[in-house]
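Now for the letters of each chain:
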Amino acid sequence: MRRKYLFICIVKEWKHCVVADYSTALKKLLIKSGCFYVRQAKGDHEIWYSPLSGKKFPVDYTIKSRHTANKILNQAGLDKVF
């Protein structure tokens, strides 16, 4: 009986540790707005181009912060979404 209770507690703690990943949603928004992938950069970064702002900007492969996702949208010339 105790083992079953211990397993439930571990699963509950694990569910709270799940971190949101904004990279897929961000990349879909960028493509929808006309931005496109240019090249692979150093590490796990990609370089994208925005025709709205006329600039190239880096996008991390895994984005775990909504603030970072909003800053990338700002560099692309788009409004905050996250």
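Residues numbered from 1 in each chain as written. Predicted model: local features only at pLDDT ≥ 70, side-chain atom pairs only at ≥ 80, totals over all residues. Heavy atoms only, no water.

S.K.: Can you explain the overall build of the chain? Please cite residues and give values.
M.R.: Summing up its helical and strand segments, the chain has three helices and three strands in all. When the helices and strands of the chain are read in sequence order from the N terminus, they spell out α-α-β-β-β-α. Each of the 82 residues in the chain was classed as buried or not, and the buried ones make up 21%. The contacts of the chain with a sequence gap of at least 6 include a subset with a gap of at least 24, amounting to 38%. (Helix = DSSP H or I, 4+ residues; strand = E, 2+ residues; numbered from the N terminus. Buried < 20%, exposed > 50% of the residue type's maximum accessible area, 1.4 Å probe, protein only. Contact = heavy atoms within 4.5 Å.)

S.K.: Mind laying out the confidence of the model for the chain, listing which residues take part and the relevant values?
M.R.: In the predicted model, the chain carries a mean pLDDT of 83, and the fraction of residues at 70 or more is 77%. Note that residues 1-18 has pLDDT below 50 and, in this model, zero contacts with residues that lie over four places away or in other chains. (pLDDT = per-residue confidence, 0-100.)

S.K.: Any chance you could break down the side chain of Asn70 for me, citing the residues and the numbers?
M.R.: Turning to its location among the elements, Asn70 is positioned in helix α3 (residues 66-75). Overall, the relative accessible area of 8% leaves Asn70 in the buried class. Ignoring any residue separated from it by four or fewer positions in sequence, one finds Asn70 in contact with Lys80, Val81 and Phe82.

S.K.: Would you mind going over the packing of aromatic side chains in detail, with residue names and values included?
M.R.: On inspection of all chains with the given rule, the structure shows three aromatic pairs. Here the aromatic rings of Phe36 and Tyr49 are separated by 5.4 Å at their centres, their planes lie at 50 degrees, and the arrangement is tilted. Of this pair, Phe36 sits in strand β1 (residues 36-40) while Tyr49 sits in strand β2 (residues 45-50), placing them 13 residues apart in sequence. Aromatic pair Tyr37 and Trp48: ring centres 6.3 Å apart, planes at 85 degrees, arrangement edge-to-face. One end of the pair, Tyr37, is in strand β1; the other, Trp48, is in strand β2, and eleven residues separate them in sequence. With a relative accessible area of 4%, Trp48 lands in the buried category. (Phe/Tyr/Trp six-rings, centres within 6.5 Å; stacked < 30°, edge-to-face > 60°.)

S.K.: Tell me what's going on with the side chain of Lys27, and back it up with residues and numbers.
M.R.: By the secondary structure assignment, Lys27 is in helix α2 (residues 23-32). With a relative accessible area of 16%, Lys27 lands in the buried category. Those residues within four positions of Lys27 in sequence are excluded, and the remaining contacts are Glu46, Trp48, Val59, Asp60 and Tyr61.

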